[in-house]
Amino acid sequence: MDYQSIKVEYDNGIAILTINREKALNALNKTVFSELRHYFSIEGPSKNDLIGVILTGAGNKAFAAGADIKEFTALDVEGAKALSQNGHEVFFLIERFPKPVIAAVNGFALGGGCELTMACHMRIAGAKARFGQPEVNLGIIPGYGGSQRLVQLIGKGKAIELLLTADMIGAEEAHRLGLANHVVESGEEVEKAKEILRKIGTKAPIAIAKTIECVNACFDKNENGFAYEVNAFGECAGTEDFQEGAAAFIEKRRADFKGK
Ligand code: DAK
């Protein structure tokens, strides 16, 4: 597919997806959503050698300054619900993607932009990153999972403060709260994410996918996460990769995982 609002590049099995609307501070419009949907449901899954995905924003000012405010001024109640549902579906595709997805947060990550980072499995904050959920300034609430994932990541007390005050926080505070996994120099976000993905790329792919599933099951009210883990553990134990991993340990050599 020819993407218009995201740029897709590959570096040795790592996909770098850049939201490419620099003049609008990478605000998430309908095209960005439909292209992210396409990537995470069609293009990404078709890449057999994919290690993981990095999401970032074009330029050095913003990851994404929110949903595109100019697009949703004329929404009625049903239209807004449909838009929210669409966003939820896309963000679940990211959260449930079987390969690790890391947000390289190079500037403003506000509203839908902050929600997008939280749908990713990890967040690397550059020194200029600014996180916030300013929806109440606009008379709305987060519509893409922010009221849920922020609580999951930083706990109810601090999450409700950020959601009610619309305060922005910087990289260090995001790190202190557990929202950012690492803080790096501005411009180093993607490289740090690559470093993490290269390490994950040496592990057994099925075990990586099952780990993501199990962690997600912890927050899924329809699942018993512990029972989910029992099943996933059994499935991993039945893989060729487990045989290889155990053999490599005993033979004191590096495992050569095949994802089987
Ligand atoms: N949408 C559209 N355009 C945006 C934008 C946004 N979210 N944020 C910035 N831009 C555009 C600006 O309009 C400006 O465009 P021009 O006027 O030059 O054409 C350009 O980006 C540069 O922005 P500024 O001139 O404002 O740049 P500054 O450095 O002065 O300020 C800023 C940077 C990030 C502090 C400021 O741009 C700002 O406050 N931006 C808006 C932040 C914000 O409130 N974001 C929205 C959060 S609410 C929904 C589901 C979810 C949502 C909504 C509905 N439904 C299901 C219905 C989620 C909503 C949100 O994300």
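Residues numbered from 1 in each chain as written. Predicted model: local features only at pLDDT ≥ 70, side-chain atom pairs only at ≥ 80, totals over all residues. Heavy atoms only, no water.

Chemist: Looking at this structure, how should I read helix α3 (residues 112-119)?
Modeler: Of all eight residues that make up α3, eight are buried, and the element is covered over most of its length. Among all positions in α3, only Gly112, Gly113, Cys114, Glu115, Leu116, Thr117, Met118 and Ala119 are buried. (Buried < 20%, exposed > 50% of the residue type's maximum accessible area, 1.4 Å probe, protein only. Helix = DSSP H or I, 4+ residues; strand = E, 2+ residues; numbered from the N terminus.)

Chemist: Help me understand the site of the ligand, please; the structure alone is not making it clear to me.
Modeler: Around the ligand, the structure places 26 residues, and the nearest of them are Lys61, Ala65, Ala67, Ile69 and Gly112. Taking Lys70, its side chain carries an N or O atom lying 3.0 Å from an oxygen atom of the ligand. Out of a free accessible area of 1,100 Å², the ligand has 67% covered by protein chains. When contributions to the shell around the ligand are tallied by element, the ones reaching two or more residues are α2 (77-95), β6 (108-110) and α4 (135-138). Ranked by residues supplied to the shell around the ligand, first place goes to α2 with three residues. Class assignment for the residues of the shell around the ligand results in 16 nonpolar, five polar and five charged. (Near = heavy atom within 4 Å. Polar contact = N/O pair within 3.5 Å; in protein donor to acceptor, adjacent residues only side chain to side chain. Areas by Shrake-Rupley, 256 points an atom, 1.4 Å probe, with all protein chains shown as cover. Nonpolar A, V, L, I, M, F, W, Y, C, P; charged D, E, K, R; others polar.)

Chemist: Help me out: how do you make sense of unusual backbone geometry in this one?
Modeler: For residues besides glycine, phi is generally negative; the peptide bonds are generally trans as well. For Asn26, which is not a glycine, the phi torsion comes out positive at approximately 60°. Among the secondary structure elements, Asn26 is positioned in the loop between β2 (14-19) and α1 (30-46). Of note, Lys252 is a non-glycine position whose phi angle comes to about 55°, a positive value. Considering the arrangement of structural elements, one finds Lys252 in the segment after α11 (240-250). Residue Lys252 is classed as exposed on the basis of its relative accessible area, which comes to 78%.

Chemist: What's the story with the sheet that holds strand β9 (residues 168-170) in this structure? I'm lost.
Modeler: To summarise the sheet geometry, strands pair through backbone hydrogen bonds and adopt either a parallel or an antiparallel arrangement. Taken together, four strands build an open sheet; the order of strands is β4-β6-β8-β9 and the sheet is mixed. Strands with a single pairing partner mark the edges of an open sheet, and in this sheet they are β4 (62-64) and β9. Between one strand and the next, the sheet's axes are offset by a mean angle of 20°, whatever the strand orientation. With three bridges connecting them, strand β8 (residues 130-132) and β9 associate as antiparallel partners. Along β9, the bridge assignment pairs Phe131 with Ile169. Strand contacts of α3: β4, β6 and β8, with the helix running at about 95° to β6, the strand carrying the most contacts. (Pairing = 2+ DSSP bridges. Axes fitted to C-alpha atoms, helices over the stretch in contact; angles between N-to-C directions. Contact = heavy atoms within 4.5 Å.)

Chemist: It is not clear to me how the sheet that holds strand β10 (residues 182-184) should be interpreted in this structure. Could you clarify?
Modeler: With mixed pairing, six strands are arranged side by side in an open sheet as β1-β2-β3-β5-β7-β10. Strands at the two margins of the open sheet, each flanked by one partner only, are β1 (6-11) and β10. Strand-to-strand twist of the sheet, defined as the mean angle between neighbouring strand axes without regard to direction, takes the value 20°.

Chemist: Which parts of the structure should I look at to understand the side chain of Thr117?
Modeler: Inspection of the secondary structure puts Thr117 in helix α3. On the accessibility criterion, Thr117 (0% relative accessible area) is buried. Aside from chain neighbours lying at most four places away, what touches Thr117 is Phe63, Ala103, Val105, Ala109, Arg123 and Phe131.

Chemist: Would you explain the packing of aromatic side chains in this entry?
Modeler: Within a pair of aromatic rings, the relevant descriptors are the distance that separates the centres and the angle that separates the planes. Following the criterion strictly, the structure yields five aromatic pairs and no others. Between Phe33 and Phe91, the aromatic rings sit 5.6 Å apart at their centres with planes inclined by 25°, giving stacked as the arrangement. Of the two residues, Phe33 sits in helix α1 while Phe91 sits in helix α2, which places them 58 residues apart along the sequence. Phe91 shares its class with Phe33; the two are buried. (Phe/Tyr/Trp six-rings, centres within 6.5 Å; stacked < 30°, edge-to-face > 60°.)

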